[in-house]
Amino acid sequence: MVVLLLLTSALLSSYAGSMRGVDAQSLFTIRSIALSLEPREDVTRDTNVTVRCGAVVSSSGRQPLSREYTIYKDGVVVYHKTTSSTEDLLYALSRARVSHTGKYKCKISIEGKSASSDARKLTVTGLSPPVLRVEQPMLSEGEELKASCTAPGETGSIIFYFYEDLKEKRDERVNSEHVEVTFPLSGPGHHTIECSYTVLIPPDSLQSEKSSSVHVSVRELSITPVLDIFPQYKVYEGDQLTLSCGVKDLYNHFDSVYVYLSQGTKLLKSGQNQVNHTMKVLAKDSAEFECQLETGNVVKAVTKAVPVTELFSVPTLTMSPVEVFQKESMKLICKSDQDESERLSKGDLTYSIDPPQIHLLESRNGEFSGKALHVEFNYSCIARAKGIEKHSPILTVRPKVLVSTPKISVMNKAVIGKPFKIRCKSDNGSLPINYTLLEDYNPVSVVTVSVPSEEALFNVTVHKPKDIHKFICEASNSRREGLLSLKLDATVIEPLSHPLLMVIPPLPEITEGSDLIFICSIRGTPPVTFKLYRYGYDLPLFTKTSALNHTSFEIHDLVKLHSGMYYFEALNHANNIVSSEPVNIEVRLALWKKIVIGSFCLLALFILVVVCVLCFKSHRAIRAVDRTTVSVWTERPPQASEENSVVSNEPDVEYTEVVHPRSADPARAPQKKGTDTVYSELQNSPHDEADRQPYGSVEYADLNGEQPDMSNYPLNHYHQDLPVPVD
Ligand SMILES: *[C@@H]1O[C@H](CO)[C@@H](O)[C@H](O)[C@H]1NC(C)=O
Ligand SMILES: *[C@@H]1O[C@H](CO)[C@@H](O)[C@H](O)[C@H]1NC(C)=O
Ligand SMILES: *[C@@H]1O[C@H](CO)[C@@H](O)[C@H](O)[C@H]1NC(C)=O
């Protein structure tokens, strides 16, 4: 507790001490700072401008504060002052110049605190006129002019310009108002010299007017170069030419002058006062000769042109014929055109091949014959006369390659009735190659292949497969006979047609549980893609590509649901899709089902008959008890009233038929004996119910045919007896 109290009192005392210290030094604030330009912001040259910087500072202390002022022009410090005065800071720009133009800003710093004023722009206009001075108004040729130019009172970065006869000759950049330069003048005569200057005030520059002009005269020297050439006229190539380059000095006051003799850019000779040169001229030498002297800064020159006449022209090398095939004979002809017959006699001019060729022999002057090489070769020739040699331009001979036997083929595929392309191509042979398509050895069309990327293609159409073999082609690239290809051998695709869909087993026998085979066949070139569809389904049931033009699809264990319309589509490389006629498949009930159903029907019928017979018998038994004299036949009429009417209508026919039972037409027999059947059944019905099945009548007819006598008897008997019970 005691320790804590001690610590607190120590802290408090140190805080009080520091507060007293601050108070003693200064308590101040910079309230404002402002910069102004006096008398104005826009002034003319030579105005005395004052930059005023005023700061308002409030302070509590009695001692004056040390104020640090800084004045900036375009961000660069131009003035710095530390003062304890509270008065405004003044920065004087006496006799302002355009270089004083710029943005001025002022900053005050007091004990680490600082404040800046807003910027003010000073614009000074007007440049003083430049003043030109030259040292000597008279110069000798080769002497340089010494001149000075002044921009009175101007400050800053200045570029001075000197002009000779209005053309700028020299410029110099300095940081002062005065410059001195030395420069050569263009030549003898009177010249007008002027100067001007530019003050740089980035980013701008100000151009002064031009100074008043000063006239300077340049006196010509008394020496001149002299060029003598011999001969001067009718100079032919190969002639000797003598040249002399010297100096003419009017007053003989130059001891040493250096001379240069040159032809074009080639220096022929140089030396003191005079040089001589001898040379054999060539036609291409028809250039200018120049003689130049140099003394001090003086350079003088004289030129002369010498026209040189050609004795003979540059030869040209040509080949005959223009094109040559490998190892064929060729002739190179070297010839110079314009013979100067005045100087050159026949036989003076000789020719040779360059480089010399063993395979070429000179047959006549300038003609060289031999066999063409296998490869490209650059030939040149030389014409010579009187020690002069002239080379011809290079002749590049490219021996051509004879065409090789062409190959004929079909591009893509040949489809009957559709246009397709036949290609004819030789593996070797220089272009251009002419390809001719022949059909049955008659030219059909010609294609010329001139660039390697080209191909000889012919459009044709065939209507029969064997027509394709009629085509051959011929290739030729020379005057020789062309080479023939083999006959065109290619598969011709026959478009598909005649689609036929068949089924096994035949339609009515398609029953449940059996297998169904669809046989698709078509005319056209295989491979063929077959697709079997069923009506109502977008996707094919089966798809098969066959190498033959028929195929089959099988459905095993048919069920009723397989019933429907089926058809197939076929496609081959001719790209025509053909569809077959649809086939209606109806799956019938299986045989065992029929038998079961039939059996049930029969059973039902049998039960019915048994019931009926039982009923009948019981009824008769009751009747017999009632009336013992009643016969079987009395019951019949209501049971078979229809049969009765038939019998009564055709009694004779019935009879005749029975007499001649072996009718020629067996088919008719059962029909005619329908009545007999009825009776037979009627008679038999009480005795044998099994006979009353549907096929009963047929069986009876057969029996009747086989045993006429046996059946006749009961029939006749019944027939005769028949009316008796009825009546
Ligand atoms: C400008 O100031 C200079 C001295 O710096 C003085 O000689 C001159 O007379 C002044 N010019 C004017 C117009 O006040
Ligand atoms: C050049 O030739 C002339 C005569 O044409 C002669 O007088 C002179 O001495 C020769 N100069 C030289 C340097 O050979
Ligand atoms: C022939 O000269 C041409 C240039 O003129 C050159 O490109 C070519 O390669 C030369 N041929 C041979 C075989 O030297």
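Predicted model, so just to flag it, every value in this text is computed and none were measured.

Visitor: Sorry if this is basic, but what is going on with the overall build of the protein here?
Guide: When helices and strands are counted, the protein shows ten helices and 52 strands. Considering only intrachain contacts with a sequence separation of at least 6, the fraction spanning at least 24 residues in the protein is 59%. With an accessible surface of roughly 43800 Å², the protein has 55% of that area assigned to carbon and sulfur atoms.

Visitor: How should the state of the cysteines be read in this particular structure?
Guide: In a disulfide, the sulfur atoms of two cysteines are held together by a covalent bond. If you walk through the whole model with that rule in mind, you get five disulfides. There is a disulfide in this structure between Cys424 and Cys473, and the S-S distance comes to 1.8 Å. Judged by the torsion about the S-S bond (70 degrees), the Cys424/Cys473 disulfide is right-handed. Of this pair, Cys424 sits in strand 38 (residues 420-425) while Cys473 sits in strand 42 (residues 471-476), and the two are 49 residues apart along the sequence. Comparing Cys424 with Cys473 shows no difference in burial state: the two are buried. Within the protein, bonded cysteines paired by disulfides and numbered along the sequence follow the pattern 1-2, 3-4, 5-6, 7-8, 9-10. Here Cys615 stays unpaired: no disulfide links it, and the sulfur of Cys612, its closest cysteine neighbor, is 6.4 Å away. The exposure class assigned to Cys615 is partly exposed, which follows from its relative accessible area of 46%.

Visitor: How should I be thinking about the sheet that holds strand 21 (residues 240-249) in this particular structure?
Guide: Two pairing modes exist for strands in a sheet, parallel and antiparallel, and in both the strands are linked by backbone hydrogen bonds. Pairing within the open sheet is antiparallel, and its three strands lie in the order 19-21-24. Both edges of this open sheet fall to strand 19 (223-230) and strand 24 (274-280), since each of them pairs with a single strand only. Pairs of neighbouring strands in the sheet enclose a mean axial angle of 15 degrees, with direction left out of account. In terms of strand pairing, strand 19 meets strand 21 through eight bridges, oriented antiparallel. Directly across from Thr224, in strand 21, lies its bridge partner Lys248.

Visitor: Just checking my understanding: could you explain the packing of aromatic side chains for this structure?
Guide: Pairs of aromatic rings are described using the distance from one ring centre to the other and the angle between the two planes. Taken as a whole, this structure holds ten aromatic pairs when the rule is applied. Note on Phe162 and Phe183: the rings are 6.1 Å apart at their centroids and 45 degrees apart in plane angle, and the pair reads as tilted. Highlighted residues: Phe162 in strand 13 (residues 157-164) and Phe183 in strand 15 (residues 178-184), separated in sequence by 21 residues. With respect to class, Phe162 is no different from Phe183; both count as buried.

Visitor: Which parts of the structure should I look at to understand the nonpolar core?
Guide: Soluble globular proteins tend to pack their nonpolar side chains together in the buried interior. In this structure, Val51, Tyr104, Ile108 and Leu122 are the most contacted members of the largest nonpolar core, which totals 25 residues. Every element with two or more residues in this core is listed here: strand 1 (28-38), strand 3 (49-59), strand 4 (67-73), strand 6 (89-93), strand 7 (102-110) and strand 9 (120-125). In this structure Tyr104 touches Leu35, Leu37, Val51, Ile71, Tyr72, Lys73, Tyr91, Leu93, Asp118, Ala119, Arg120 and Leu122, once residues within four positions along its chain are discounted. Among the nonpolar cores identified, the runner-up in size contains 24 residues, and Ala147, Ile158, Leu185 and Ile193 belong to it.

Visitor: Explain the sheet that holds strand 31 (residues 360-364) here, please?
Guide: Sheet architecture is open: four strands sit in the order 28-29-32-31, paired in antiparallel fashion. The open sheet is flanked by strand 28 (316-320) and strand 31, the only strands paired with a single partner. Across this sheet, the average inter-strand angle for adjacent strands is 30 degrees, counted without regard to direction. One ladder, built from five bridges, connects strand 29 (residues 329-335) with strand 32 (residues 367-371); its direction is antiparallel. Bridging across to strand 32, Met330 finds its partner in Gly370.

Visitor: Would you explain the pairing of strand 28 in this entry?
Guide: Covered by surrounding structure in strand 28 are Leu317 and Met319 only, the residues Thr316, Thr318 and Ser320 on the alternate face being uncovered. The sheet contact formed by strand 28 and strand 29 spans five bridges and is antiparallel. For Ser320, the partnering residue across the bridge sits in strand 29 and is Lys331.

Visitor: Please explain the confidence of the model for the protein as it appears in this structure.
Guide: Should the pLDDT be low somewhere, the predicted coordinates at that spot are not to be read in detail. Mean pLDDT over the protein stands at 80; residues scoring 70 or higher make up 81%. Across residues 1-24, confidence stays below pLDDT 50; counting only partners more than four residues off in sequence or on other chains, it has one contact. Contacts from residues 628-727, a stretch scored under 50 in pLDDT, to residues over four places away or in other chains number 48 contacts.

Visitor: For this particular structure, what's the right way to read the pattern of salt bridges?
Guide: Oppositely charged side chains can pair when the atoms bearing their charge come close. All chains considered together, the criterion is met by 26 salt bridges. The partner of Arg170 in a salt bridge is Glu172, with the nearest N and O atoms 2.9 Å apart. Classification of Arg170 by relative accessible area gives partly exposed; the value is 27%. A residue is classified by how much of its surface remains accessible, and Glu172, at 25% relative accessible area, is partly exposed. Notably, a salt bridge pairs Glu220 with Lys300, separated by 3.4 Å at the nearest N-O pair. In this pair, Glu220 is assigned in the loop between strand 18 (214-219) and strand 19 and Lys300 in strand 26 (residues 298-305), connecting sequence segments 80 residues apart. Several salt bridges share partner residues, and in doing so they unite Arg45, Asp46, Arg95, Arg97 and Glu154 into one network.

Visitor: Looking at this structure, how should I read the side chain of Arg97?
Guide: Tracing the backbone shows Arg97 in the loop between strand 6 and strand 7. Judged by relative accessible area, Arg97 falls into the buried class, the value being 7%. Of note is the side chain of Arg97, whose polar atom sits 2.9 Å from the side chain of Asp46. A polar contact of 3.3 Å, which involves the side chain of Arg97, links it to the backbone oxygen of Pro152.

Visitor: Mind showing me how you'd approach the environment of Ile472 here?
Guide: Locating Ile472 in the fold gives a position in strand 42. Counting along the chain gives 50 residues from Ile472 to Ile422, while the straight-line C-alpha distance between them is 9.7 Å. Those residues in contact with Ile472, other than ones at most four positions away along the chain, are Ile408, Thr436, Leu437, Leu438, Tyr441, Leu484, Ser485, Leu486 and Lys487.

Each value, and the rule that gives it
- Residues numbered from 1 in each chain as written.
- Chains lettered and ligands numbered in written order.
- Predicted model: local features only at pLDDT ≥ 70, side-chain atom pairs only at ≥ 80, totals over all residues.
- Heavy atoms only, no water.
- Helix = DSSP H or I, 4+ residues; strand = E, 2+ residues; numbered from the N terminus.
- Contact = heavy atoms within 4.5 Å.
- Areas by Shrake-Rupley, 256 points an atom, 1.4 Å probe, with all protein chains shown as cover.
- Disulfide = S-S within 2.5 Å.
- Buried < 20%, exposed > 50% of the residue type's maximum accessible area, 1.4 Å probe, protein only.
- Pairing = 2+ DSSP bridges.
- Axes fitted to C-alpha atoms, helices over the stretch in contact; angles between N-to-C directions.
- Phe/Tyr/Trp six-rings, centres within 6.5 Å; stacked < 30°, edge-to-face > 60°.
- Core = buried A, V, L, I, M, F, W, Y, C linked by side-chain atoms within 4.5 Å.
- pLDDT = per-residue confidence, 0-100.
- Salt bridge = Lys/Arg side-chain N within 4 Å of Asp/Glu carboxyl O.
- Polar contact = N/O pair within 3.5 Å; in protein donor to acceptor, adjacent residues only side chain to side chain.

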